[in-house]
Amino acid sequence: MRKLPFLIVAGSFTAVVAAGAGAWHFFGPTGAQTSAKADKGELTTASIDTRAPKSNSAAPTEPPPRVQAVAAAPAAMPVAPAAEKRPTIAKPVCNNPNALGVSRTVQIDTTGGPGLGMSQYRDYDFLQPGEVVLTFDDGPWPVTTPAVLAALSAQCVQAVFFPIGKHATWHPAVLKQVIAAGHSVGTHTWSHQNLATKTPQEAKDEIERGISAITLMAGQPLSPFFRFPQLRQNAELKAYLAERNIAAFSIDIDSEDFRIHNAGKLVASVMEKLKKKGKGIILMHDLHKWSAAAVPDLLAQLKAGGYKVVHIRAKDTLPTIASYDAAIAAELQPVKTSNARPISNVIQTVD
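Just so we're clear, the structure is a prediction, and the values are computed from it rather than from any experiment.

Section: helix H5 (residues 235–243)
No. 1: Within the sequence span of H5, burial applies to Leu 237, Lys 238, Tyr 240 and Leu 241. All buried residues of H5 fall inside an arc of 155° around its axis, so they share one side. Turned more than 90 degrees away from the buried face of H5, the exposed residues are Glu 236 and Glu 243.
No. 2: Buried positions along H5 lie against strand E8 (115–116), helix H4 (200–218), strand E12 (225–226) and strand E13 (247–249).
No. 3: Trailing H5 by a residue or two, Asn 245 shows a phi angle of about 55°, which is positive.

What follows is the structure in C-alpha cells.
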C-alpha cells in the first residue's frame with residue numbers, strides 16, 4: 001500500500017501523521033457504576049512508517065518505525081488525494097479568542113492495529129513535551145456528557161470519546177451530540193466486560209456488538225479506535241484488533257475519577273501527575289457528574305500551565321460486520337403484540 005501524506009491544518013500549523021491497568025467499572029441495568037482500582041491523556045510536519053507494530057506481549061523483532069521530519073508543503077503544491085473512506089469530521093467554529101484550543105491535529109493510520117498510550121504501548125511516542133490528549137470513556141450519558149461537551153466547546157477543545165454500545169442504544173441523541181461537536185468517536189465494547197476473562201469468541205462478540213451498536217446509533221461509520229475496558233487485554237485480543245485494523249488506545253495519565261468523587265481534588269490529581277510526566281493521554285469518564293464538573297477547571301489549569309491539546313483523528317473509518325449489525329438491529333426492534341388495543345382504550349387520564 002502506498003504511503004501518502006495527509007495535511008491537517010489547525011490554527012497556525014500543519015501536521016501529517018500516520019501511525020500504526022486502569023480501573024474496574026461495572027454497570028447495572030440502570031447504568032449505575034461502581035469501581036475498584038486495577039492498574040495503572042501549530043505544528044511540525046512528520047511522517048511515520050505504517051508498518052504494523054508488534055504486540056506488546058512479545059519483544060519486537062525489528063526496531064520501531066523511524067520518525068522523520070519533513071518540510072511543510074508550500075501553498076501552491078497540490079494536496080495529496082484523500083483516502084477513499086474518511087470519518088465525517090465536523091469543523092466547529094471557535095468564538096473564544098482566549099480559548100485553550102487545539103494546538104495540533106494528528107491523523108492515525110490504523111493499519112495493523114497500532115497501540116497508543118505509553119502505559120502499555122511503546123512503539124509510538126508521538127506527543128511532544130507539554131502536549132496532552134483528552135479522552136472520555138463509558139458514555140454517552142444524559143446530563144454529564146452534554147456538560148463535558150459544553151466545557152470542551154467553551155475552550156474550543158476536541159477530544160476522543162470511547163462510548164459503550166449498550167449506553168449508545170439507550171442515549172443515541174447524546175452520542176450524536178458528541179459527533180456533531182467534531183470529536184473523534186471510537187468504541188469501548190458492548191457492555192464493559194473484562195475481555196481478558198472471556199473466551200475468545202465472547203470477547204470478539206463484546207467488541208463487535210459494541211462497534212455495530214454504536215455505528216447504528218451514530219448513523220455513520222466510526223473511527224477505528226478501541227479502548228479495552230479496565231485496560232485488560234491479552235496477545236490474542238490485540239492481534240484481533242490488528243486484523244481489523246483498529247488502533248488500541250491505552251493511557252498515560254489516569255484521572256482516577258472512579259475513586260475521586262470531588263471535582264477540585266480530581267483536577268489537582270490530574271495536574272500533579274501531568275507535571276511529573278510532562279505530557280500524555282489523559283483518561284476520564286463522561287458519565288460521572290464529578291468528572292463533568294471538573295472539566296472546566298481542568299481546561300483552565302491546562303491553559304494556565306502552558307499545556308497544549310492534541311486532537312487525534314483517524315485516516316479511515318471502521319467497517320462493521322453484517323451479522324453483528326443484524327443481531328443488534330433485531331434486538332432493538334420493539335416487541336410486537338398481536339392483540340394490542342388502541343392506547344386510548346388501555347391508558348386513560350382520570351385525574
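Considerations on the confidence of the model for the protein chain
No. 1: For the protein chain, mean pLDDT is 81; residues scoring 70 or higher make up 73% of the total.
No. 2: Residue range residues 1–84 is modelled with pLDDT below 50. Its contacts to residues more than four positions away, or to other chains, number 198 contacts.

What to know about unusual backbone geometry
No. 1: That bond from Gly 139 to Pro 140 is cis: its omega, -5°, falls within 30 degrees of zero.
No. 2: Within the secondary structure layout, Pro 140 lies in the loop between strand E9 (131–137) and helix H1 (144–154).
No. 3: In this structure, Asp 138 takes a positive phi of about 80° despite not being glycine.
No. 4: Secondary-structure assignment places Asp 138 in the loop between E9 and H1.
No. 5: Since its relative accessible area comes to 0%, Asp 138 is described here as buried.
No. 6: One non-glycine residue, Glu 256, adopts positive backbone phi at about 55°.
No. 7: Mapped onto the elements, Glu 256 comes out in the loop between strand E14 (253–254) and helix H6 (263–277).

Observations concerning the packing of H1 against helix H3 (residues 172–180)
No. 1: Where H1 meets H3, the axes come as close as 10 Å, and the angle between the chain directions of the two elements is 15°. Taken together, H1 and H3 sit at an angle that is classed as roughly parallel. In the packing of H1 onto H3, the handedness of the crossing is left-handed. In contact with Thr 145, Pro 146 and Leu 149 of H1, H3 contributes Val 174, Gln 177 and Val 178.
No. 2: A breakdown of the residues in the contact of H1 with H3 according to their chemical character gives 4 nonpolar, 2 polar and no charged.

Quick word on the pattern of salt bridges
No. 1: Enumeration according to the criterion identifies 9 salt bridges in this entry.
No. 2: Its salt-bridge partner being Lys 315, residue Asp 109 comes within 3.8 Å of it at the nearest N-O pair. Of this pair, Asp 109 sits in the loop between strand E7 (104–108) and E8 while Lys 315 sits in the loop between strand E16 (308–314) and helix H8 (322–332), placing them 206 residues apart in sequence. In this pair, the class of Asp 109 matches that of Lys 315, namely buried.
No. 3: For Arg 244, the salt bridge is made with Glu 208, and the minimal N-O distance between the two is 2.8 Å. Of this pair, Arg 244 sits in the loop between H5 and E13 while Glu 208 sits in helix H4; the two residues are 36 residues apart in sequence, bridging distant segments of the chain.
No. 4: Judged by relative accessible area, Arg 244 falls into the buried class, the value being 15%.
No. 5: If you follow the salt bridges from partner to partner, you end up with Glu 256, Arg 259 and Lys 273 in one network.

Some thoughts on the packing of aromatic side chains
No. 1: Per the counting criterion, the structure on display carries 5 aromatic pairs.
No. 2: Aromatic pair Phe 136 and Phe 161: ring centres 5.2 Å apart, planes at 20°, arrangement stacked. Of this pair, Phe 136 sits in strand E9 while Phe 161 sits in strand E10 (residues 160–162), and the two are 25 residues apart along the sequence.
No. 3: What makes Phe 161 buried here is its relative accessible area of 3%.
No. 4: Ring pairs connect the aromatic residues Phe 162, Phe 225 and Phe 249, which therefore count as one cluster.
No. 5: A cation sits over an aromatic face here: Lys 238 above Tyr 121, 5.4 Å from the ring centre.

Thresholds, definitions, all that
- For every chain, the first residue of the written sequence is number 1, and numbering continues from 1 along that sequence.
- With pLDDT at 70 or above as the cut-off, local features in this predicted model cover only qualifying residues; side-chain atom pairs require 80 or more to be listed or tallied, and sums for whole chains, interfaces and linings still use all residues.
- To get the side-chain values, all heavy atoms of the structure are used, and hydrogens and water are removed first.
- To sort residues, take the accessible area from a 1.4 Å probe on protein chains only and compare it with the maximum for the residue type: under 20% means buried, over 50% means exposed, and anything in between is partly exposed.
- The numbering of helices and of strands both runs from the N terminus, where a helix is a DSSP run of H or I of at least 4 residues and a strand a run of E of at least 2.
- As used here, the arc belongs to the directions running from the helix axis to the C-beta atoms.
- It only takes one pair of heavy atoms within 4.5 Å for two residues to be counted as in contact.
- Each residue carries a pLDDT score, the predictor's confidence in it, ranging from 0 to 100.
- Each axis is a line fitted through C-alpha atoms, and for a helix only the stretch in contact is used; angles between axes span 0 to 180 degrees, taken between their N-to-C directions.
- In what follows, roughly perpendicular refers to angles from 65 to 115 degrees, roughly parallel to angles under 35, roughly antiparallel to angles over 145, and oblique to any angle outside these ranges.
- Note on convention: the crossing is left-handed when the near helix lies turned anticlockwise from the far helix by less than a right angle, right-handed when the turn is clockwise.
- Classification used: nonpolar for Ala, Val, Leu, Ile, Met, Phe, Trp, Tyr, Cys and Pro, charged for Asp, Glu, Lys and Arg, polar for all others including Gly.
- What counts as a salt bridge is simple: a side-chain nitrogen of Lys or Arg found within 4 Å of a carboxyl oxygen of Asp or Glu.
- Whether two aromatic rings pair depends on their centres lying within 6.5 Å, for rings of Phe, Tyr and Trp, where Trp uses its six-membered ring; planes under 30 degrees apart make the pair stacked, over 60 edge-to-face, and the rest tilted.
- Whether a charge sits over a ring comes down to the Lys NZ or Arg CZ being within 6 Å of the ring centre and within 35 degrees of the ring normal.

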